[in-house]
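# Commentary on secondary and tertiary structure
Below, each chain spelled out in residue letters.
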Amino acid sequence: MHPDKPAAARKDSHLDLALDPRTQSPGENGFDRLRLTHCALPETNLATIDLTTEFLGYQLEAPLMIGAMTGGTKRAEQINHALATIAENQSIALAVGSQRAALQAGQSARILRDLAPHIPIIGNLGGVQLAQSGGIDLAQAAVDDLQADAIAIHLNPLQEAVQPEGETDWVGVKSAIATLVKTAAVPVIVKEVGAGITAVLAAELFDMGVTAVDVAGFGGTNWARIEAARRRGDADMFAPFFDWGVPTVDCLRAVCHACPDRLVIASGGVRHGLDAAKAIRLGADMVAAAGPMLAHLVANNAAFDLSKLQDFVSGWKQQMALTLFLTGASDLAAFRQAEICCDGAVIAR
Ligand SMILES: Cc1cc2nc3c(=O)[nH]c(=O)nc-3n(C[C@H](O)[C@H](O)[C@H](O)COP(=O)(O)O)c2cc1C
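First things first, this report covers the structure right here in the doc. (Residues numbered from 1 in each chain as written. Predicted model: local features only at pLDDT ≥ 70, side-chain atom pairs only at ≥ 80, totals over all residues.)

It is worth spelling out the packing of helix H9 (residues 199-208) against helix H11 (residues 248-258) at this point. Here H9 crosses H11 at 45 degrees, and the two axes come no closer than 8 Å. Taken as axis vectors, H9 and H11 run oblique relative to one another. Here H9 and H11 pass one another in a crossing that is right-handed. Between H9 and H11, the contacting residues are Ala199, Ala202 and Ala203 on the first element and Ala254, Val255, His257 and Ala258 on the second. Each residue belonging to the contact of H9 with H11 can be placed in one class, and the counts come to 6 nonpolar, 1 polar and no charged. (Axes fitted to C-alpha atoms, helices over the stretch in contact; angles between N-to-C directions. Helix = DSSP H or I, 4+ residues; strand = E, 2+ residues; numbered from the N terminus. Parallel < 35°, antiparallel > 145°, perpendicular 65-115°, else oblique. Left-handed = near helix turned anticlockwise from the far one by under 90°. Contact = placed C-beta atoms within 7 Å. Nonpolar A, V, L, I, M, F, W, Y, C, P; charged D, E, K, R; others polar.)

Below is the structure:
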């Protein structure tokens, strides 16, 4: 099959636009409304704080994941190689972006498994593509190609609706996910891409047999803005939707409350290790970031700077460890009992 040239061009322009600060919704994720209560006498040692986490059968150094970003073009593949190298090095999980374009062009990303043999790698396909003819087979091919440990299905109705060439027939996506859950050889994760997943939908997905939900809420990378920037002449039509979505913290609180024993991934505008720790305290099992990782890897919009991303990820771990230390917790189990306030009122202790 011939490579899908328009899809490849779209993916490269997504990379450029995602690096533009105007396509972010910073500070609207809700994390600044949260405050962890300070412990002036921590009976613990900052040097030995334990962030280790088990995820999809792997022992990781921290509950962190590089969020799904695009694949299927030369540039995207180079980025994925760099991300896999850093994720393996830092012992955190790696999610890849949609594998559809690459698989349909006959390309393989299996080198990522060689670059990152000791961490979970999560494959990716769009919900709309899953529901199309051959979608379930494509999902299996995505898993096989990467020897992936799970497959994430992304739900992006807002993005598709604003995207000039987007897919807006969503009838059948839910039943396709239900079919995938029954047939897939690996756990199925369902995620948004920055507009959030509500508690009602999360509960329904878990009831269908989905293993984990990544809320991917509003407050970080803004796909309505990115896709509107790609439109010619009629972008203003979509301006009222630039702030559409459920803020990450609202999603997270609601989903963790409604589905307390389920695997929940927090993402969408997580900016640093303190945000990540707050997400864990709200009940997330893992925390993912996409846009910030890309921004620290791609310097000056061109060259890759692996050491900058390496320092960034290791800085998040240090910030998370400091957060535990300042709440008097030695490990994540103890930290999950720490007092946390929202808008000045205690919401958990
Ligand atoms: C350049 C770029 C490409 C992305 N491509 C995908 C994708 O192919 N599949 C997917 O599920 N999410 C994709 N995402 C969405 C992210 O996984 C994430 O849900 C979203 O960006 C919100 O997280 P953030 O605020 O940390 O960026 C992409 C994000 C970026 C920045």
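Attention now moves to the site of the ligand. The full set close to the ligand counts 27 residues, and Gly97, His154, Gly220, Thr221 and Gly291 are the nearest of them. Sorting the residues of the shell around the ligand by element identifies helix H1 (5-18), strand S7 (150-154) and helix H13 (291-297) as the ones contributing at least two each. Of the residues assigned to the shell around the ligand, the class counts are 12 nonpolar, 14 polar and 1 charged. (Near = placed C-beta within 6 Å.)

Before going further, it helps to spend a moment on H9. Among the residues of H9, Ala199, Ala202, Leu205 and Phe206 are the ones counted as buried. Buried positions in H9, seen along its axis, are confined to an arc of 125 degrees and lie on one side of it. The exposed set on the far side of H9, more than 90 degrees from its buried face, consists of Val200 and Asp207. Considering only its buried residues, H9 is in contact with strand S8 (188-191), strand S9 (212-214) and H11. Count one or two residues on from H9 and you reach Gly209, which has phi positive near 110 degrees. (Buried ≥ 20, exposed ≤ 12 C-beta atoms within 10 Å, placed from the backbone. Arc of directions from axis to C-beta.)

The next point concerns the environment of Pro260. With respect to the helices and strands, Pro260 occurs in the loop between H11 and strand S10 (263-266). For Pro260, a count of 9 C-beta atoms within 10 Å corresponds to the exposed category. For Pro260 and Gly283, which are 23 residues apart along the polypeptide, the C-alpha to C-alpha distance reads 7.7 Å.

Time to look at the sheet that holds strand S1 (residues 34-36). Read from one edge to the other, the open sheet built from 3 strands follows the order S1-S12-S13, with strand pairing classed as antiparallel. Every other strand in the sheet has two partners, leaving S1 and strand S13 (345-348) as the edge strands with one partner each. Neighbour to neighbour, the strand axes of the sheet diverge by 40 degrees on average, direction disregarded. (Pairing = 2+ DSSP bridges.)

Where helix H12 (residues 273-282) contacts helix H14 (residues 306-326), the two axes come as close as 7 Å, and the packing angle between them is 55 degrees. Here H14 runs oblique to H12, going by the angle between their axes. Seen from above, H12 lies across H14 with right-handed handedness. Here Gly273, Leu274, Ala276 and Ala277 of H12 come into contact with H14, specifically with Gly315, Trp316, Lys317, Gln318, Gln319, Met320, Thr323 and Leu324. Tallied by class, the residues present in the contact of H12 with H14 amount to 6 nonpolar, 5 polar and 1 charged.

Attention now moves to the environment of Gly217. Mapped onto the fold, Gly217 is located in the loop between S9 and helix H10 (223-229). Its 29 C-beta neighbours within 10 Å are what place Gly217 among the buried residues. The contact partners of Gly217, leaving out residues within four places of it in the chain, are Asn29, Gly196, Gly245, Val246, Pro247, Thr248, Cys251 and Gly268.

Time to look at the nonpolar core. Within the largest apolar cluster, 109 residues are counted, with the highest numbers of intra-cluster contacts made by Met65, Ala93, Leu94, Val213, Ala284 and Val287. Residues in contact with Ala284, not counting those within four places in the same chain, are Leu252, Cys256, Val264, Ile265, Ala266 and Ala279. (Core = buried A, V, L, I, M, F, W, Y, C linked by C-beta atoms within 7 Å.)

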